[in-house]
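Examining the three-dimensional arrangement
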Amino acid sequence: MCLKRYINRLSLIQLTLKGMGILYIVPVVFLFLVLPFLTYLDFAKGYSPEQCYFSTYIMLQIFCPFFAVWWTLFGFREYVEGRIRELLLVYKKSLIVELFLVFVFYFLHICVLLGLYCIILKFNYFNYIFIFFVQTFAFFSISFSISIILKNIAIPFIISVCYEIFCMTANIDFLKFINMLSSDIPSSTMDIICPYIFILISSIFVFVLSNSCFKRL
Amino acid sequence: MLILKNCTKSFKKTKALNDFSCEFKHGIYGLLGPNGSGKTTMMRCICGLLSPEKGSIECDCENIGYLPQQFGAMKSLTVYETMRYFATLKKIPKSNQDNEIRYCIDLVNLSDKIKNKVGSLSGGMVRRLGIAQAIMGNPEIVLFDEPTAGLDPEERVRFKSLLRKIKNDKTIIISTHIVSDVKSICDEIVIINEGRNVVQGTCSDITSIGNEKVFLLDEEYENNLEGNYYVKDRISKDNKNYIIVLSSNFIEQGVSINADIEDGYLCALKDI
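Note that the coordinates shown come from a computational prediction; the quantities given were computed from them, not determined experimentally.

Right, let's get into the overall build of chain A. In terms of regular secondary structure, chain A is built from 10 helices and zero strands. In sequence order, chain A lays out its α and β elements as α-α-α-α-α-α-α-α-α-α. The C-alpha atoms of chain A give a radius of gyration of 18 Å, which matches the 17 Å a tight globule of 217 residues would have. Projected onto its principal axes, the C-alpha positions of chain A cover 55 × 35 × 30 Å.

And the structure:
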């Protein structure tokens, strides 16, 4: 019975992602074509393996969390602002499981990418998987909650882009506390867990809370 | 059985439903009322999108089919995929989905478009797709909000015969402001105005409200009319202009004519 329910949910997700049309492949293209190409450019510039490793670490942080927004906003657009929204709310009272499965599906892409980088660059990026997970989940959950509150997908998308640009450029010390991206490679487990556990807990809280707002017309 | 008891729902200062009570058994019900009378709010309350501030809604079934006033679908999906999407949302077992989808698509005459993308369909076809998803899964209660908006005359006729086909053991509520849509198919009509249930009855009950209140008279007598009256129509015949008036007072200068359901509806609405 439980399995049947999950198969149902997966088929719903499959149709939801299919409903995005060509927009579906944008994150896949960025993750598996643009990012490796940027790494290749680093090699072509004559960077040392260590420099490539660091540069890829930064690029992974720039692209991976941001594209979590893509499938969340464009895939579930109809639930947020589409003409079909009213009807979907009658048949579907909560999106929490479907959204989380979409997130897991997206994160699996990231894991595959990290695996490929591990093989090619011979550096183990899986050491920082917790950081990537939290950053990705934070982008995913915050964009979802803003879209639910504002019943609009354009504003959360613009906010995500602006925040991404801010994170890429703000290296001033007093702004770092709101900068989710790490500009240094963490040297210890505590460096990874301490700042990010708070972001993770807040993101889960925001995600669950916004799902309860979703039920309101 | 669906019972609404003293339901009140407000939006800021406007009372969309004002102490609204109504009982729906099996059959087809027409919900008639002018724009902004509370029809859509009532439907949204029944399907759980809104909850009334006061009163209660008693419903002994969970399976509801709903066609909202505004229906759209994901343009990149085909008609079949869209129906599969709704079948999954409605938790129709996977083994039944294909048969159910094809049956409903056939009922709304979209079988030849089953592989077409929703984005390529006309407005009327999308509306029919909306009707198909509402009746899929054999729901006990089906709510149609302005179902015939955008349908051509042939499709309106088909929609009426579809209702007759599926009406067994179901409560079907059709909200509309087009009187002709409901007169031939509805077992009962509920007239709603300013959020209140003005009157509920069969088509002949509603028609009888207008009995002896409809007059045809020369346009030049219009200024002499007194009391509560409503000019329903203006017609020209033999180079003379006439008006059809609904009035609770007998008009001596006019000729009393037979009332139809529209006259009864207008009399109930205007308190004539």
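Text resumes after the structure shown.
Before going further, it helps to examine the pattern of salt bridges. Residues and elements named next belong to chain B. For the structure on display, the rule yields 17 salt bridges over all chains. Between Glu-58 and Lys-5 there is a salt bridge whose closest N-O contact spans 3.0 Å. Separated by 53 residues along the polypeptide, Glu-58 in strand β4 (residues 54-59) and Lys-5 in strand β1 (residues 2-11) bring together distant segments of the chain. Of the residues examined, Glu-58 reaches a relative accessible area of 35% and is grouped as partly exposed. Across the pair Arg-128 and Glu-155 runs a salt bridge whose closest N-O atoms are separated by 3.5 Å. One end of the pair, Arg-128, is in helix α4 (residues 123-135); the other, Glu-155, is in helix α5 (residues 153-166), and 27 residues separate them in sequence. Linked through salt bridges whose partners overlap, the residues forming this network are Lys-232, Asp-260, Glu-262 and Asp-263.

All names here are of chain B. Here four strands make up an open sheet; going across it, the order is β11-β12-β10-β13 and the pairing antiparallel. In the strand order of this sheet, the two ends are held by β11 (229-237) and β13 (255-256), each with one partner. The pairing of strand β10 (residues 214-218) with β13 spans two bridges and is antiparallel. Residue Phe-215 lies in a different strand from β13, and its bridge partner there is Ser-256.

Residue and element names in this part refer to chain B. Along the polypeptide, Met-136 turns up in the loop between α4 and β6 (141-145). For the pair Met-136 and Asn-96, spaced 40 residues apart in sequence, the C-alpha separation works out to 11 Å. Sequence-distant contacts of Met-136, defined by excluding residues within four places in its chain, comprise Met-83, Phe-86, Ala-87, Lys-90, Ile-92, Glu-100, Ile-101 and Cys-104.

What counts and what doesn't
- Residues numbered from 1 in each chain as written.
- Chains lettered and ligands numbered in written order.
- Predicted model: local features only at pLDDT ≥ 70, side-chain atom pairs only at ≥ 80, totals over all residues.
- Heavy atoms only, no water.
- Helix = DSSP H or I, 4+ residues; strand = E, 2+ residues; numbered from the N terminus.
- Rg over C-alpha atoms; globule rule 2.2 N^0.38 Å.
- Salt bridge = Lys/Arg side-chain N within 4 Å of Asp/Glu carboxyl O.
- Buried < 20%, exposed > 50% of the residue type's maximum accessible area, 1.4 Å probe, protein only.
- Pairing = 2+ DSSP bridges.
- Contact = heavy atoms within 4.5 Å.

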